[in-house]
Amino acid sequence: MYTMEQAEQLAKEFLQQESACWDNEVALFDEDEVKARKGEFYYFAFQSAKYVDTRDSRYFLYGPCQISVDAESGECRLLSVQESFEVDPFGHHAR
């Protein structure tokens, strides 16, 4: 079973690998409000590195920008828009 810290490191490594050929450099948010555990998964939000550093809306990337990490296996994957709304790991969507 992975801890939150271990899962976050796995998510960072996964994001680095996945985004290697993307046009924008991306990074996980540092804030605890966008880190969560629900059931058997950890969830982390990411955004363009420039947005994370400056919060300047010019650098904001649109889309779900969330990663799930399986707490048992450590498997990481990007969430689709539908999954992001359904799981709502950070409690941002009113129901």
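Provided above is the structure to which this section pertains.
These remarks concern the structure in this document. (Residues numbered from 1 in each chain as written. Predicted model: local features only at pLDDT ≥ 70, side-chain atom pairs only at ≥ 80, totals over all residues. Heavy atoms only, no water.)

**So, the pattern of salt bridges**
In the structure shown here, the tally under the stated rule is four salt bridges. We note a salt bridge from Glu83 to Arg77, for which the minimum N-O separation is 2.5 Å. (Salt bridge = Lys/Arg side-chain N within 4 Å of Asp/Glu carboxyl O.)

**Digging into unusual backbone geometry**
The phi torsion of most residues other than glycine is negative, and most of the peptide bonds are trans. One non-glycine residue with positive phi stands out, namely Arg55, at about 60°. Residue position: Arg55 is located in the loop between helix H2 (49–54) and strand E4 (66–70). At Asp88, a residue that is not glycine, the phi angle is positive and equals roughly 45°. Mapped onto the elements, Asp88 comes out in the segment after helix H3 (81–87). You can call Asp88 buried: its relative accessible area is 9%. (Helix = DSSP H or I, 4+ residues; strand = E, 2+ residues; numbered from the N terminus. Buried < 20%, exposed > 50% of the residue type's maximum accessible area, 1.4 Å probe, protein only.)

**Focus: helix H1 (residues 4–18)**
Here H1 is 15 residues long and its end C-alpha atoms lie 21 Å apart, about the 21 Å a rise of 1.5 Å per residue gives. When we look at burial in H1, the residues that qualify are Ala7, Glu8, Ala11, Phe14 and Leu15. The arc that holds every buried residue of H1, seen down its axis, measures 125°, which confines them to one face. Turned more than 90 degrees off the buried face of H1, the exposed positions are Glu5, Gln16 and Gln17. Tucked into the core, H1 has its buried residues touching strand E1 (26–28), strand E2 (35–38), strand E3 (41–48), E4 and strand E5 (76–78). (Expected span 1.5 Å × (residues − 1). Arc of directions from axis to C-beta. Contact = heavy atoms within 4.5 Å.)

**Topic: the packing of aromatic side chains**
A complete count under the given rule lists five aromatic pairs for this structure. Between Phe41 and Tyr43, the ring centres sit 6.4 Å apart and the planes meet at 45°, which makes this aromatic pair tilted. Taking the relative accessible area as the measure of exposure, Tyr43 reaches 7% and is therefore buried. Ring geometry for Phe60 against Tyr62: centres 4.8 Å apart, planes inclined by 75°, an arrangement best described as edge-to-face. (Phe/Tyr/Trp six-rings, centres within 6.5 Å; stacked < 30°, edge-to-face > 60°.)

**As for the pairing of E4**
When you tally the buried positions in E4, you get five out of five residues, the bulk of the element. Alternating residues of E4 divide into Gln66, Ser68 and Asp70 and Ile67 and Val69, and every residue in both groups is buried. Strand direction decides the pairing type here: E3 and E4, joined by five bridges, are antiparallel. Looking at E4, one finds that Tyr43 is bridged to Ser68. (Pairing = 2+ DSSP bridges.)

Scope: geometric values only; no functional claims are made or implied.
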